Amino acid sequence: MNSNTTVRTARRRTLRIAAAALVAAASFSLTACNDSDATGSKPPASSAGSSSADTATGTKGSDAKTDTGAGAKTDTKAGATDGAASPDRTETLVDGSTAKIHKLGDLHYRVQIVNDGDVLATLEANEHDAGLDANGMYVVVTSGGEVQSWMGGEHRAPGTFNLAGGWTAKVTKVGEARYRAQIIGNEGSVDGTLEANQHDGGLDANGVYIVLSTRGVISSHE
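Residues numbered from 1 in each chain as written. Predicted model: local features only at pLDDT ≥ 70, side-chain atom pairs only at ≥ 80, totals over all residues. Heavy atoms only, no water.

Caption draft 1: Broad picture of the overall build of the chain. When helices and strands are tallied, the chain shows one helix and 18 strands. When burial is assessed residue by residue, the chain has 45% of its 222 residues classed as buried. Of the accessible surface of the chain, which amounts to about 10,700 Å², a share of 48% is contributed by carbon and sulfur atoms. (Helix = DSSP H or I, 4+ residues; strand = E, 2+ residues; numbered from the N terminus. Buried < 20%, exposed > 50% of the residue type's maximum accessible area, 1.4 Å probe, protein only. Areas by Shrake-Rupley, 256 points an atom, 1.4 Å probe, with all protein chains shown as cover.)

Caption draft 2: Structural context of the sheet that holds strand S17 (residues 208–212). If you walk across this open sheet you meet the four strands as S11-S18-S17-S16, and the pairing is antiparallel. Every other strand in the sheet has two partners, leaving strand S11 (154–156) and strand S16 (201–205) as the edge strands with one partner each. Taken over all neighbouring pairs, the strand axes of this sheet differ in orientation by 20° on average, direction set aside. (Pairing = 2+ DSSP bridges. Axes fitted to C-alpha atoms, helices over the stretch in contact; angles between N-to-C directions.)

Caption draft 3: Spatial organisation of the pairing of S16. Most of S16 sits inside the fold, with five of its five residues counted as buried. Residue alternation in S16 divides its side chains into two sets, Gly201, Leu203 and Ala205 and Gly202 and Asp204, and both sets are buried. Both S16 and S17 contribute to a ladder of five bridges, which runs antiparallel. Along S17, the bridge assignment pairs Gly201 with Leu212. Hairpin connection of S16 to S17: two residues between the antiparallel strands, including Asn206 at a positive phi of 55°.

Caption draft 4: Seen up close, the layout of surface pockets. Quantified by volume, the largest pocket comes out at close to 170 Å³. In this structure, the largest pocket is lined by eleven residues; those nearest its centre are Leu120, Ala121, Leu132, Ala134 and Asn135. Only strand S7 (118–126) and strand S8 (130–134) provide two or more residues apiece to the lining of the largest pocket. Looking at the lining of the largest pocket, the element that brings in the most residues is S8, giving three residues. Its residues assigned to classes, the lining of the largest pocket shows six nonpolar, three polar and two charged. (1 Å grid on protein atoms, 1.4 Å probe; cavity = no way out; pocket = protein on both sides within 12 Å on 5 of 7 lines; lining within 4 Å. Points joined across faces, edges and corners; volume = space filled by probe spheres on them. Nonpolar A, V, L, I, M, F, W, Y, C, P; charged D, E, K, R; others polar.)

Caption draft 5: A look at the pattern of salt bridges. Under the definition given, this model contains five salt bridges. We note a salt bridge from Asp133 to Arg215, for which the minimum N-O separation is 2.5 Å. In this pair, Asp133 sits in strand S8 while Arg215 sits in the loop between S17 and strand S18 (217–221), placing the two residues 82 residues apart along the sequence. Given the relative accessible area of 38%, Arg215 is considered partly exposed. Salt-bridge contacts for Arg180 lead to Glu195; the nearest nitrogen and oxygen are separated by 3.0 Å. With Arg180 in strand S14 (residues 178–184) and Glu195 in strand S15 (residues 190–197), this pair connects stretches of sequence that are 15 residues apart. Given the relative accessible area of 3%, Glu195 is considered buried. Residues joined in a network through salt bridges with shared partners are Arg178, Arg180 and Glu195. (Salt bridge = Lys/Arg side-chain N within 4 Å of Asp/Glu carboxyl O.)

Caption draft 6: Local environment of the environment of Asp116. On the secondary structure map, Asp116 appears in the loop between strand S6 (108–115) and S7. In this structure, the C-alpha to C-alpha distance between Asp116 and Thr98, residues 18 residues apart in sequence, is 9.2 Å.

Caption draft 7: Molecular detail of the nonpolar core. Counting residues in each nonpolar core, the largest one holds 18 residues, and the members touching the most others are Leu163, Val171, Ala181, Ile183, Ile210, Leu212 and Ile218. At the level of secondary structure, the elements contributing two or more residues to this core comprise strand S13 (168–175), S14, S15, S16 and S17. Within the second largest apolar cluster, 15 residues are counted, among which are Ala99, Ala121, Leu123 and Val139. (Core = buried A, V, L, I, M, F, W, Y, C linked by side-chain atoms within 4.5 Å.)

Purely geometric numbers; function is a separate question.
See the structure below:
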């Protein structure tokens, strides 16, 4: 085989590898994680309700978006709100605390949870949803700026649980303060992955809000 033939063969192999990579990248993925996973679009869920305890709901925001994953984060902290920038809007959460919602950019929102003038927690959704387990109150903020809060509906991992909207979650412990939930649709396919890795994870799954916490609790609300 001469040198020209060797070069052509190498090029054909390179093209085949590149084409395979493009096919793999086009595969459907819907992964939610506060640290590194990305989320795709979700198929419609059925209207079946949760088999767990009753839930109560706080007020909702606007401009819903259904994806969550990389870039979303939740940080808890305390401190006075004096001197902070004025929020774009506020909402009352189900436990009576206030959500101060700041729009930082397209698909980028920061929500401060405030009680008696103190910031108890901060959630940031940057192109992906974020979630928080605030001592039994569950909060999801979407990258479209919608805020949803509720109480109840808890399931403790590991295990497989029925969620609101006909979803099923298979939750496993994968490390210290790290849990992973496979979100399974009504046809039995795994339509997404929600991960809590040192931070709680949150997801808007076609109008069904799901929080997975680092203490191994998953809760949902429709």
